[in-house]
Amino acid sequence: MTMGGASQTLPMPASAAISLPMSDFPTGELIQLEPLVARVLAPNPSPYTFTGTQTHLVGTTDLAIIDPGPDDPRHLGALTAAIAGRPVTAILVTHTHRDHSPLARALQAATGAPIVGCAPLALDDLGPRADAAFDRNYAPDRILGDGAQVAGAGWTLTAIPTPGHTSNHLAFALEDTKALFPGDTVMGWSTTVVSPPDGDMADYLASLAKLMLRDDRVYYPAHGEAIATPRRFVRSLIGHRKQREGQILRLLARGVGEIPAMVEQMYVGLDPRLVPAAQGSVLAHLVDLERRGRVRQEGGAWTAI
Ligand SMILES: [Zn+2]
């Protein structure tokens, strides 16, 4: 997210979009996706979050709760009803945007479950990486490294680092049914915003390449519909980013080197509320190209080398 508590998304190219009946997204209701997986939609729709953040429940007799969502008592009530008195083994967090992690604290108070998952942003070490979109109060009981697991009755979740959308992003794999919870790394309605300084396009593309090597059966993203053809979907996302990079290089070749002008030409008809996010994504591409020695910046304008 770059602005006021939203998640970071931009419209996908038509070829990659899928149809999404809004009736499939009732706020606050428990939707069973498969025997081990259910979801509850939080009441935080926006141009950045689509219908809102989807909190996933994994397990039957004891539960993992993935991405508790925004700090909203209505969502806490909906989750408490969905949990229905069952023990919560762990509250897992993919990343610390404010539409994903803040309710962890209230849910922990209500259930006694540990908060496990991504690392907090190391603000003191890394400088001003975090903007208003980040949850600065996130305090996990346990940080999951690459391959670390959390298990309950009949389920095991494995942490997979997927930086790019944020530097601390994790996906969680449900090994038992080959389902993956990609958080905001892959979304079922739009492309993910990758906005510097914390967002990193090279890391993001490396995370997508890592996902391409897996044989997950289905993705359950935090925003949008489930993705039934994960590898094909991720391949289209990689293609989309390559296409954007090509557009940027062509604009630079024509002497269009200032980000606002580039966004105007690249994102025709964009919702004005999403312009800052689009500018962030273009900057992420430019930073990546600069590191690869393809472009340079002088006085706010970018040029191809
Ligand atoms: Zn996010």
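Preceding block: the structure.
Everything quoted here is computed from the prediction, not taken from an experiment. (Residues numbered from 1 in each chain as written. Predicted model: local features only at pLDDT ≥ 70, side-chain atom pairs only at ≥ 80, totals over all residues. Heavy atoms only, no water.)

Caption draft 1: Expanded view of the nonpolar core. Leu92, Leu144, Leu157, Phe172, Leu174 and Phe181 are the most contacted members of the largest nonpolar core, which totals 40 residues. Sequence-distant contacts of Leu144, defined by excluding residues within four places in its chain, comprise Leu92, Val116, Gly117, Val150, Ala159, Leu170 and Phe172. Counting residues in each nonpolar core, the second largest holds 21 residues, with Val256, Met262, Val263 and Val295 among its members. (Core = buried A, V, L, I, M, F, W, Y, C linked by side-chain atoms within 4.5 Å. Buried < 20%, exposed > 50% of the residue type's maximum accessible area, 1.4 Å probe, protein only. Contact = heavy atoms within 4.5 Å.)

Caption draft 2: Here's a closer look at the coordination of the zinc ion. The zinc ion binds to the protein through His95 (NE2), His97 (ND1), His165 (NE2) and Asp184 (OD), with metal-donor distances spanning 2.2 Å. Taken together, the 4 donor atoms surrounding the zinc ion define angles of 91 to 171 degrees at the centre, an arrangement classified as irregular. Within one chain, the residues serving as donors to the zinc ion are arranged as H-x1-H-x67-H-x18-D. Pair noted here: His95 is in the loop between strand E6 (88–93) and helix H2 (103–111) and His165 is in the loop between strand E10 (155–161) and strand E11 (170–174), with a separation of 70 residues, a long-range link. (Donors = N, O, S within 2.8 Å, 3.2 Å for Na, K, Ca; no water. Tetrahedral: all angles 85-135°; square planar, octahedral: opposite > 155°, others 65-115°. Helix = DSSP H or I, 4+ residues; strand = E, 2+ residues; numbered from the N terminus.)

Caption draft 3: Examining the packing of aromatic side chains more closely. Taken as a whole and assessed by the stated rule, the structure comprises 3 aromatic pairs. With a centroid separation of 5.6 Å and 80 degrees between ring planes, the pair formed by Phe25 and Phe50 is classed as edge-to-face. Taken together, the positions of Phe25 in the loop between strand E1 (9–10) and strand E2 (30–34) and Phe50 in the loop between strand E3 (37–41) and strand E4 (54–58) put the pair 25 residues apart, joining distant regions of the chain. Residues Phe25 and Phe50 agree in their burial class; the two are buried. With a centroid separation of 4.8 Å and 15 degrees between ring planes, the pair formed by Phe50 and Trp189 is classed as stacked. Highlighted residues: Phe50 in the loop between E3 and E4 and Trp189 in the loop between strand E12 (179–181) and strand E13 (191–192), separated in sequence by 139 residues. The class of Phe50 is buried, set by a relative accessible area of 17%. A network of ring pairs unites the aromatic residues Phe25, Phe50 and Trp189 as a single cluster. A cation sits over an aromatic face here: Arg244 above Tyr267, 4.1 Å from the ring centre. (Phe/Tyr/Trp six-rings, centres within 6.5 Å; stacked < 30°, edge-to-face > 60°. Lys NZ or Arg CZ within 6 Å of the ring centre and 35° of its normal.)

Caption draft 4: The arrangement of empty space enclosed by the protein in detail. Tallied over the entire structure, the rule returns 1 cavity of 30 Å³ or more. Reported here for the largest cavity is a volume of approximately 30 Å³. For the largest cavity, the full set of lining residues is Asp24, Phe25, Pro26, Glu29, Ile31, Arg39, Leu41 and Gln54. Looking at the lining of the largest cavity residue by residue, the classes come out as 4 nonpolar, 1 polar and 3 charged. (1 Å grid on protein atoms, 1.4 Å probe; cavity = no way out; pocket = protein on both sides within 12 Å on 5 of 7 lines; lining within 4 Å. Points joined across faces, edges and corners; volume = space filled by probe spheres on them. Nonpolar A, V, L, I, M, F, W, Y, C, P; charged D, E, K, R; others polar.)

Caption draft 5: Seen up close, unusual backbone geometry. A cis amide bond, omega 10 degrees, links Pro196 with the succeeding residue Pro197. As for its placement among the helices and strands, Pro197 is situated in the loop between E13 and helix H4 (201–212). The phi dihedral of Asp67 falls on the positive side, at around 60 degrees, and the residue is not glycine. You can see Asp67 is positioned in the loop between strand E5 (63–66) and helix H1 (73–83). Even without a glycine there, the phi angle at Ala84 is positive, about 50 degrees. Along the chain, Ala84 falls in the loop between H1 and E6. Overall, Ala84 belongs to the exposed group, its relative accessible area being 55%.

Caption draft 6: Expanded view of the pattern of salt bridges. Tallied over the entire structure, the rule returns 11 salt bridges. The residue Asp215 makes a salt bridge to Lys178 at a minimum N-O spacing of 3.3 Å. In this pair, Asp215 sits in the loop between H4 and strand E14 (218–219) while Lys178 sits in the loop between E11 and E12, placing the two residues 37 residues apart along the sequence. Taken together, the salt bridges that share partners define one network made up of Glu245, Asp288 and Arg292. (Salt bridge = Lys/Arg side-chain N within 4 Å of Asp/Glu carboxyl O.)

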